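Structure assessment
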Amino acid sequence: MYSRGLQSYGHSIDVLEPKDYEIGQRYAKAKKFRQAWGAWRAVKQKLRANKYDLVEFYGDEFWLVSWQLSKSRNRPLLVAHTNGLELLDRSRSQFYNPRRSRLQRWVSLQTHERFSHLAFAYADAFVSLCELDQQHVLDLMLYPIELTSVVEPGLDEEYLAVPFSPLKEERVAFNGSWLPRKGIKELAAVMSVVLARNPKLHFDVYGTGGARDVVLSTFPAELHARITVHPRISNKELADSLAKAKIFFFPSQYEGFGIALAEAMACGCAVVTTRTGFGWALRDREEAWLCDFDDVMAMENAVQRLLQDDAMRTKVAVGGWHRVRALTWQSNVKKLEAIYRGWLSNPQYENRKIKARYSHANNF
(Lines give C-alpha, C1' and ligand atoms only; values in the text may rest on other atoms or scores of the structure.)
Protein backbone atom coordinates (compact mmCIF):
# COMPACT_ATOMS: atom_id res chain seq x y z
CA MET A 1 0.00 0.00 0.00
CA TYR A 2 2.90 2.39 0.62
CA SER A 3 4.33 1.52 -2.80
CA ARG A 4 0.99 1.94 -4.55
CA GLY A 5 0.43 5.23 -2.77
CA LEU A 6 3.83 6.62 -3.77
CA GLN A 7 3.21 5.49 -7.34
CA SER A 8 -0.07 7.40 -7.33
CA TYR A 9 1.95 10.56 -6.58
CA GLY A 10 4.06 9.99 -9.69
CA HIS A 11 7.06 8.17 -8.23
CA SER A 12 8.65 5.18 -9.95
CA ILE A 13 8.73 2.19 -7.60
CA ASP A 14 10.38 -1.20 -8.11
CA VAL A 15 9.47 -3.91 -5.59
CA LEU A 16 11.43 -7.08 -4.90
CA GLU A 17 9.87 -9.82 -2.78
CA PRO A 18 11.48 -13.06 -1.52
CA LYS A 19 10.40 -15.07 -4.55
CA ASP A 20 12.46 -12.67 -6.67
CA TYR A 21 15.75 -13.09 -4.80
CA GLU A 22 15.72 -15.93 -2.26
CA ILE A 23 18.26 -18.59 -3.22
CA GLY A 24 17.32 -22.26 -2.88
CA GLN A 25 13.67 -21.68 -2.08
CA ARG A 26 12.99 -25.42 -1.96
CA TYR A 27 15.16 -25.73 1.14
CA ALA A 28 13.89 -25.07 4.66
CA LYS A 29 17.21 -24.42 6.42
CA ALA A 30 19.22 -21.18 6.67
CA LYS A 31 16.47 -19.07 5.11
CA LYS A 32 17.83 -15.77 6.45
CA PHE A 33 21.28 -16.42 5.00
CA ARG A 34 19.92 -17.51 1.64
CA GLN A 35 17.81 -14.36 1.50
CA ALA A 36 20.73 -12.15 2.53
CA TRP A 37 22.97 -13.44 -0.25
CA GLY A 38 20.19 -13.44 -2.84
CA ALA A 39 19.09 -9.91 -1.96
CA TRP A 40 22.63 -8.61 -2.38
CA ARG A 41 22.85 -10.14 -5.87
CA ALA A 42 19.39 -8.88 -6.89
CA VAL A 43 19.91 -5.34 -5.64
CA LYS A 44 23.29 -5.09 -7.39
CA GLN A 45 21.61 -5.98 -10.66
CA LYS A 46 18.89 -3.40 -10.09
CA LEU A 47 21.40 -0.66 -9.29
CA ARG A 48 23.40 -1.40 -12.44
CA ALA A 49 20.29 -0.97 -14.58
CA ASN A 50 18.57 1.92 -12.79
CA LYS A 51 19.27 5.07 -10.83
CA TYR A 52 17.36 5.24 -7.53
CA ASP A 53 17.05 8.05 -5.05
CA LEU A 54 16.18 5.71 -2.22
CA VAL A 55 16.11 2.01 -1.33
CA GLU A 56 13.90 0.62 1.44
CA PHE A 57 14.84 -2.60 3.22
CA TYR A 58 12.08 -4.40 5.12
CA GLY A 59 13.78 -6.80 7.51
CA ASP A 60 17.16 -7.68 9.00
CA GLU A 61 17.92 -10.20 6.25
CA PHE A 62 19.20 -7.21 4.25
CA TRP A 63 22.27 -6.77 6.47
CA LEU A 64 24.67 -7.87 3.72
CA VAL A 65 23.39 -5.50 1.05
CA SER A 66 23.15 -2.61 3.56
CA TRP A 67 26.71 -3.21 4.69
CA GLN A 68 28.05 -3.40 1.13
CA LEU A 69 26.14 -0.42 -0.19
CA SER A 70 27.10 1.74 2.79
CA LYS A 71 30.70 1.69 1.55
CA SER A 72 29.75 3.20 -1.81
CA ARG A 73 30.08 6.94 -2.29
CA ASN A 74 27.46 7.36 -5.01
CA ARG A 75 24.50 5.38 -3.78
CA PRO A 76 20.83 5.85 -2.90
CA LEU A 77 19.58 6.74 0.56
CA LEU A 78 19.31 3.49 2.51
CA VAL A 79 16.20 3.25 4.69
CA ALA A 80 15.42 0.48 7.14
CA HIS A 81 11.62 0.58 6.91
CA THR A 82 10.44 -2.00 9.39
CA ASN A 83 7.03 -3.50 10.09
CA GLY A 84 8.50 -5.32 13.07
CA LEU A 85 11.90 -4.62 14.60
CA GLU A 86 13.80 -7.90 14.93
CA LEU A 87 16.18 -6.35 17.48
CA LEU A 88 13.28 -5.75 19.87
CA ASP A 89 11.31 -8.86 19.05
CA ARG A 90 14.34 -11.05 19.74
CA SER A 91 14.88 -9.46 23.15
CA ARG A 92 11.20 -10.05 24.01
CA SER A 93 11.21 -13.65 22.75
CA GLN A 94 13.43 -14.85 25.58
CA PHE A 95 10.48 -14.17 27.90
CA TYR A 96 7.60 -15.64 25.89
CA ASN A 97 9.43 -18.48 24.14
CA PRO A 98 12.52 -19.41 26.22
CA ARG A 99 13.09 -22.88 24.79
CA ARG A 100 16.54 -22.51 23.27
CA SER A 101 19.53 -24.26 24.78
CA ARG A 102 22.66 -22.42 25.87
CA LEU A 103 24.39 -23.52 22.66
CA GLN A 104 21.48 -22.30 20.51
CA ARG A 105 21.54 -18.92 22.26
CA TRP A 106 25.29 -18.64 21.69
CA VAL A 107 24.98 -19.49 18.00
CA SER A 108 22.14 -16.98 17.63
CA LEU A 109 24.21 -14.30 19.33
CA GLN A 110 27.11 -14.87 16.94
CA THR A 111 24.97 -15.01 13.81
CA HIS A 112 21.40 -13.74 13.65
CA GLU A 113 21.70 -11.15 16.42
CA ARG A 114 24.99 -9.83 15.12
CA PHE A 115 23.78 -9.59 11.55
CA SER A 116 20.45 -8.12 12.64
CA HIS A 117 22.29 -5.28 14.33
CA LEU A 118 24.35 -4.66 11.17
CA ALA A 119 21.18 -4.38 9.07
CA PHE A 120 20.20 -1.28 11.02
CA ALA A 121 23.66 0.07 11.82
CA TYR A 122 24.51 0.50 8.13
CA ALA A 123 21.21 2.00 6.99
CA ASP A 124 21.12 5.79 6.74
CA ALA A 125 17.64 6.29 8.14
CA PHE A 126 14.86 4.43 9.89
CA VAL A 127 11.08 4.33 9.54
CA SER A 128 8.85 2.25 11.80
CA LEU A 129 5.13 1.74 12.21
CA CYS A 130 5.15 2.52 15.93
CA GLU A 131 6.89 4.78 18.42
CA LEU A 132 8.21 1.86 20.50
CA ASP A 133 10.42 0.58 17.67
CA GLN A 134 11.65 4.10 16.96
CA GLN A 135 12.55 4.61 20.62
CA HIS A 136 14.44 1.30 20.69
CA VAL A 137 16.81 2.22 17.83
CA LEU A 138 17.32 5.64 19.41
CA ASP A 139 18.20 3.99 22.72
CA LEU A 140 20.76 1.90 20.83
CA MET A 141 22.10 5.14 19.28
CA LEU A 142 21.87 3.72 15.76
CA TYR A 143 20.56 6.95 14.22
CA PRO A 144 20.20 10.62 15.01
CA ILE A 145 16.59 11.36 15.86
CA GLU A 146 16.13 13.55 12.77
CA LEU A 147 16.78 10.50 10.57
CA THR A 148 14.08 8.41 12.21
CA SER A 149 10.33 8.64 11.85
CA VAL A 150 7.09 6.85 12.60
CA VAL A 151 4.59 6.38 9.78
CA GLU A 152 1.57 4.36 10.83
CA PRO A 153 -0.25 2.11 8.36
CA GLY A 154 -3.75 2.74 7.11
CA LEU A 155 -6.86 0.76 7.88
CA ASP A 156 -9.03 -0.73 5.19
CA GLU A 157 -12.25 1.13 4.50
CA GLU A 158 -14.40 -1.72 5.81
CA TYR A 159 -13.19 -0.92 9.34
CA LEU A 160 -13.15 2.87 9.11
CA ALA A 161 -16.71 2.81 7.77
CA VAL A 162 -18.10 1.24 10.97
CA PRO A 163 -20.09 3.89 12.93
CA PHE A 164 -19.62 3.96 16.67
CA SER A 165 -22.39 2.35 18.72
CA PRO A 166 -22.40 1.69 22.47
CA LEU A 167 -24.88 -1.16 21.96
CA LYS A 168 -22.97 -4.42 22.17
CA GLU A 169 -23.54 -8.11 22.75
CA GLU A 170 -22.01 -10.09 25.60
CA ARG A 171 -18.94 -10.96 23.58
CA VAL A 172 -15.15 -10.71 23.92
CA ALA A 173 -13.03 -11.07 20.77
CA PHE A 174 -9.44 -11.90 19.83
CA ASN A 175 -7.88 -11.74 16.36
CA GLY A 176 -4.45 -13.18 15.64
CA SER A 177 -2.31 -16.23 15.00
CA TRP A 178 -2.37 -18.83 17.77
CA LEU A 179 1.29 -18.36 18.72
CA PRO A 180 3.21 -17.67 21.95
CA ARG A 181 4.11 -14.21 20.63
CA LYS A 182 0.43 -13.30 20.63
CA GLY A 183 0.17 -14.01 24.36
CA ILE A 184 -2.05 -17.07 24.01
CA LYS A 185 -0.94 -18.44 27.40
CA GLU A 186 -2.20 -15.30 29.13
CA LEU A 187 -5.23 -15.16 26.84
CA ALA A 188 -6.34 -18.68 27.76
CA ALA A 189 -5.71 -18.16 31.47
CA VAL A 190 -7.70 -14.92 31.60
CA MET A 191 -10.60 -15.98 29.40
CA SER A 192 -11.01 -19.29 31.22
CA VAL A 193 -11.68 -17.39 34.43
CA VAL A 194 -13.78 -14.64 32.83
CA LEU A 195 -15.99 -17.09 30.94
CA ALA A 196 -16.51 -19.14 34.10
CA ARG A 197 -17.59 -16.02 36.01
CA ASN A 198 -19.91 -14.76 33.27
CA PRO A 199 -22.17 -17.59 32.05
CA LYS A 200 -23.80 -15.42 29.36
CA LEU A 201 -20.48 -14.31 27.85
CA HIS A 202 -19.24 -15.59 24.49
CA PHE A 203 -15.63 -15.59 23.25
CA ASP A 204 -14.90 -15.17 19.51
CA VAL A 205 -11.51 -16.14 18.10
CA TYR A 206 -10.50 -14.85 14.65
CA GLY A 207 -7.32 -15.08 12.62
CA THR A 208 -6.31 -18.67 13.40
CA GLY A 209 -7.46 -20.04 10.07
CA GLY A 210 -10.20 -21.99 11.80
CA ALA A 211 -7.81 -24.14 13.89
CA ARG A 212 -10.66 -25.01 16.23
CA ASP A 213 -9.18 -28.07 17.94
CA VAL A 214 -5.87 -26.34 18.65
CA VAL A 215 -7.59 -23.32 20.21
CA LEU A 216 -10.16 -25.24 22.23
CA SER A 217 -7.50 -27.57 23.65
CA THR A 218 -6.21 -24.68 25.77
CA PHE A 219 -9.58 -24.18 27.51
CA PRO A 220 -11.59 -26.34 29.93
CA ALA A 221 -14.06 -28.58 28.10
CA GLU A 222 -17.08 -27.07 29.87
CA LEU A 223 -16.34 -23.70 28.19
CA HIS A 224 -16.09 -24.96 24.61
CA ALA A 225 -19.75 -24.32 23.81
CA ARG A 226 -19.23 -20.59 24.38
CA ILE A 227 -16.05 -20.28 22.32
CA THR A 228 -16.34 -19.84 18.55
CA VAL A 229 -13.21 -20.27 16.43
CA HIS A 230 -14.08 -18.59 13.15
CA PRO A 231 -12.74 -19.64 9.74
CA ARG A 232 -11.14 -17.16 7.38
CA ILE A 233 -13.67 -14.43 6.59
CA SER A 234 -13.69 -11.22 4.57
CA ASN A 235 -12.80 -7.81 5.97
CA LYS A 236 -16.45 -6.79 5.86
CA GLU A 237 -17.56 -9.89 7.75
CA LEU A 238 -14.82 -9.39 10.35
CA ALA A 239 -15.68 -5.71 10.81
CA ASP A 240 -19.37 -6.54 11.27
CA SER A 241 -18.51 -9.24 13.80
CA LEU A 242 -16.08 -7.10 15.81
CA ALA A 243 -18.68 -4.35 15.98
CA LYS A 244 -20.82 -6.67 18.13
CA ALA A 245 -18.14 -7.31 20.76
CA LYS A 246 -17.85 -5.32 23.96
CA ILE A 247 -14.15 -6.02 24.41
CA PHE A 248 -11.20 -6.90 22.23
CA PHE A 249 -8.55 -8.72 24.27
CA PHE A 250 -5.06 -8.63 22.74
CA PRO A 251 -2.31 -9.61 25.23
CA SER A 252 0.49 -9.70 22.63
CA GLN A 253 4.12 -10.04 23.70
CA TYR A 254 5.45 -8.10 20.70
CA GLU A 255 3.95 -6.28 17.72
CA GLY A 256 5.55 -4.19 15.02
CA PHE A 257 2.22 -2.37 14.98
CA GLY A 258 -0.72 -4.65 15.69
CA ILE A 259 -3.17 -3.92 12.89
CA ALA A 260 -5.75 -6.26 14.48
CA LEU A 261 -5.81 -3.99 17.52
CA ALA A 262 -6.44 -0.86 15.45
CA GLU A 263 -9.15 -2.63 13.42
CA ALA A 264 -10.99 -3.59 16.60
CA MET A 265 -10.77 -0.01 17.89
CA ALA A 266 -12.24 1.20 14.60
CA CYS A 267 -15.16 -1.19 15.15
CA GLY A 268 -15.95 0.31 18.56
CA CYS A 269 -14.46 -2.34 20.83
CA ALA A 270 -12.95 -1.36 24.17
CA VAL A 271 -9.51 -2.93 23.99
CA VAL A 272 -7.42 -4.56 26.69
CA THR A 273 -3.86 -4.91 25.49
CA THR A 274 -0.18 -4.70 26.36
CA ARG A 275 2.44 -1.99 25.90
CA THR A 276 3.79 -3.10 22.54
CA GLY A 277 3.40 -1.84 18.99
CA PHE A 278 0.48 0.54 18.58
CA GLY A 279 -0.58 -0.19 22.16
CA TRP A 280 2.61 1.36 23.56
CA ALA A 281 1.53 4.86 22.56
CA LEU A 282 -2.15 4.62 23.54
CA ARG A 283 -3.47 6.53 26.55
CA ASP A 284 -4.20 4.12 29.36
CA ARG A 285 -7.90 3.85 30.30
CA GLU A 286 -8.77 6.54 27.76
CA GLU A 287 -7.97 4.87 24.41
CA ALA A 288 -7.22 1.38 25.73
CA TRP A 289 -6.77 -0.49 28.99
CA LEU A 290 -3.05 -1.29 29.19
CA CYS A 291 -1.51 -4.15 31.17
CA ASP A 292 2.00 -5.49 31.70
CA PHE A 293 2.95 -8.50 29.59
CA ASP A 294 2.69 -11.22 32.22
CA ASP A 295 0.25 -9.64 34.67
CA VAL A 296 -2.61 -12.10 34.25
CA MET A 297 -4.42 -10.76 37.29
CA ALA A 298 -4.41 -7.19 35.92
CA MET A 299 -5.69 -8.44 32.55
CA GLU A 300 -8.42 -10.44 34.21
CA ASN A 301 -9.48 -7.45 36.31
CA ALA A 302 -9.47 -5.15 33.26
CA VAL A 303 -11.69 -7.43 31.18
CA GLN A 304 -14.04 -8.01 34.10
CA ARG A 305 -14.26 -4.30 34.93
CA LEU A 306 -15.10 -3.35 31.35
CA LEU A 307 -17.77 -6.03 31.17
CA GLN A 308 -19.44 -4.70 34.32
CA ASP A 309 -18.92 -0.94 33.96
CA ASP A 310 -20.68 0.27 30.81
CA ALA A 311 -19.65 3.89 31.37
CA MET A 312 -15.96 3.02 31.58
CA ARG A 313 -16.20 0.62 28.65
CA THR A 314 -17.89 3.25 26.49
CA LYS A 315 -15.31 5.86 27.46
CA VAL A 316 -12.40 3.60 26.44
CA ALA A 317 -14.16 2.47 23.26
CA VAL A 318 -14.95 6.04 22.16
CA GLY A 319 -11.40 7.16 22.85
CA GLY A 320 -10.01 4.29 20.80
CA TRP A 321 -12.50 4.83 17.97
CA HIS A 322 -11.46 8.49 17.65
CA ARG A 323 -7.75 7.61 17.86
CA VAL A 324 -7.82 5.44 14.74
CA ARG A 325 -9.75 7.89 12.57
CA ALA A 326 -6.39 9.23 11.36
CA LEU A 327 -5.20 5.80 10.16
CA THR A 328 -5.87 6.27 6.45
CA TRP A 329 -3.53 5.17 3.71
CA GLN A 330 -3.84 8.49 1.91
CA SER A 331 -2.64 10.59 4.84
CA ASN A 332 0.13 8.21 5.89
CA VAL A 333 1.51 7.74 2.38
CA LYS A 334 1.58 11.53 2.02
CA LYS A 335 3.48 11.72 5.31
CA LEU A 336 6.00 9.14 4.12
CA GLU A 337 6.55 11.02 0.86
CA ALA A 338 7.18 14.26 2.74
CA ILE A 339 9.69 12.56 5.04
CA TYR A 340 11.62 11.06 2.14
CA ARG A 341 11.68 14.36 0.25
CA GLY A 342 12.96 16.08 3.36
CA TRP A 343 15.74 13.55 3.98
CA LEU A 344 16.90 13.58 0.37
CA SER A 345 17.22 17.37 0.40
CA ASN A 346 18.89 17.57 3.83
CA PRO A 347 22.70 17.85 4.16
CA GLN A 348 22.40 15.60 7.24
CA TYR A 349 21.78 12.74 4.82
CA GLU A 350 25.20 13.22 3.18
CA ASN A 351 26.84 13.40 6.61
CA ARG A 352 25.17 10.13 7.54
CA LYS A 353 26.51 8.48 4.39
CA ILE A 354 30.05 9.49 5.30
CA LYS A 355 29.55 8.19 8.84
CA ALA A 356 28.22 4.87 7.58
CA ARG A 357 31.32 4.38 5.42
CA TYR A 358 33.81 4.87 8.21
CA SER A 359 32.45 4.66 11.75
CA HIS A 360 31.34 1.01 11.56
CA ALA A 361 34.43 -0.33 9.79
CA ASN A 362 35.46 -2.51 12.72
CA ASN A 363 32.04 -3.93 13.52
CA PHE A 364 32.06 -6.78 11.02
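Our subject in this report is the structure included herewith. Here the residue numbering is sequential within each chain, running from 1 through the sequence in written order. Predicted model: local features are reported for residues with pLDDT of at least 70 only, side-chain atom pairs are reported and counted for 80 or more only, and whole-chain, interface and lining totals are derived from all residues. For the side-chain quantities, the full set of heavy atoms in the structure was used; hydrogens and water were omitted.

**What about the packing of aromatic side chains?**
Pairs were defined over the aromatic rings of Phe, Tyr and Trp, the Trp ring being its six-membered one, requiring ring centres within 6.5 Å. Orientation was assigned from the angle between planes: stacked under 30 degrees, edge-to-face over 60, tilted for the rest. By the definition in use, this model includes 15 aromatic pairs. Here the aromatic rings of Tyr2 and Trp329 are separated by 5.1 Å at their centres, their planes lie at 80°, and the arrangement is edge-to-face. Residue Tyr2 is found in helix α1 (residues 2-8), and its partner Trp329 is found in helix α16 (residues 329-344); the two are separated by 327 residues along the sequence. Looking at Trp329, the relative accessible area reads 19%, which means it is buried. Residues Phe120 and Phe126 carry aromatic rings whose centres are separated by 6.2 Å and whose planes lie at 65° to one another, so their mutual orientation is edge-to-face. Here Phe120 matches Phe126 in class, with each residue buried. Members of the aromatic cluster, each reached through a chain of ring pairs, are Phe174, Trp178, Phe203, Phe219, Phe248 and Phe250. The ring of Trp67 is capped by Lys71, whose NZ or CZ atom sits 4.3 Å from the centre of that ring. Lysine and arginine charges are scored as sitting over a ring when NZ or CZ, respectively, is within 6 Å of the ring centre and within 35 degrees of the ring normal. Over the face of the ring belonging to Tyr9 we find Lys334, whose NZ or CZ atom lies 4.4 Å from the ring centre. Here a helix means four or more residues in a row that DSSP labels H or I, a strand means two or more in a row labelled E, and each is numbered from the N terminus. To sort residues, take the accessible area from a 1.4 Å probe on protein chains only and compare it with the maximum for the residue type: under 20% means buried, over 50% means exposed, and anything in between is partly exposed.

**Focus on the side chain of Asn175**
Mapping Asn175 onto the fold places it in strand β5 (residues 169-175). Residue Asn175 is classed as buried on the basis of its relative accessible area of 10%. Ignoring sequence-local partners within four residues, the contact set of Asn175 consists of Tyr206, Gly207, Leu238, Phe248, Phe250, Ala260 and Glu263. In this analysis, two residues are considered to be in contact whenever any of their non-hydrogen atoms come within 4.5 Å of each other.

**Re the packing of helix α10 (residues 184-197) against helix α14 (residues 296-308)**
Axis angles are defined between N-to-C directions and span 0 to 180 degrees, where every axis is a line fitted to C-alpha atoms and, for a helix, only to the segment in contact. For the pair α10 and α14, the least separation of the axes is 9 Å and the interaxial angle reads 40°. In terms of their interaxial angle, α10 and α14 are classed as oblique. Regarding α10 and α14, the two cross each other, and that crossing is right-handed. Note on element contacts: α14 touches α10 through Val296, Met299, Glu300, Val303, Gln304 and Leu307, opposite Glu186, Ala189, Val190, Val193, Val194 and Arg197. Basically, the charged four are Asp, Glu, Lys and Arg, the nonpolar ten are Ala, Val, Leu, Ile, Met, Phe, Trp, Tyr, Cys and Pro, and anything else, Gly included, counts as polar. Classifying every residue of the contact of α10 with α14 gives eight nonpolar, one polar and three charged. Geometric relationships in this document are graded by angle, where less than 35 degrees denotes roughly parallel, more than 145 denotes roughly antiparallel, 65 to 115 denotes roughly perpendicular, and other angles denote oblique. The sense of a crossing depends on the near helix, which, turned anticlockwise from the far helix by less than a right angle, makes the crossing left-handed and, turned clockwise, makes it right-handed.

**Section: helix α8 (residues 131-139)**
Among the residues of α8, Leu132, Asp133, Gln134, His136, Val137 and Leu138 are the ones counted as buried. Elements in contact with the buried residues of α8: α5 (86-96), β3 (125-128) and β4 (148-150). Immediately beyond the C-terminal end of α8, within one or two residues, lies Met141, with a positive phi of roughly 60°.

**Here we look at the sheet that holds strand β6 (residues 202-206)**
Strands pair, by our definition, only if DSSP identifies at least two bridges between them. Spatial ordering of the open sheet is given by β7-β6-β5-β8-β9-β10, a layout of six strands whose pairing is parallel. Of all the strands in the sheet, just β7 (227-229) and β10 (289-291) have a single pairing partner and so form its edges. In this sheet, adjacent strand axes meet at a mean angle of 20° when their direction is disregarded. Here β5 runs beside strand β8 (residues 245-250); their pairing, made up of three bridges, is parallel. If you follow Ala173 over to β8, its bridge partner there is Phe248. Here helix α13 (residues 259-266) sits on the sheet in contact with β5, β8 and β9 (270-274), set at roughly 165° to β8. Lying on the sheet, helix α15 (residues 310-323) is in contact with β8, β9 and β10; it crosses β9 at an angle near 75°.

**Observations concerning the environment of Val215**
With respect to the secondary-structure elements, Val215 resides in helix α11 (residues 212-216). As a C-alpha pair, Val215 and Thr228 span 13 residues in sequence and 9.6 Å in three-dimensional space. In this view, Val215 contacts Trp178, Val205, Thr208 and Val229; residues no more than four positions away in its chain are not counted.

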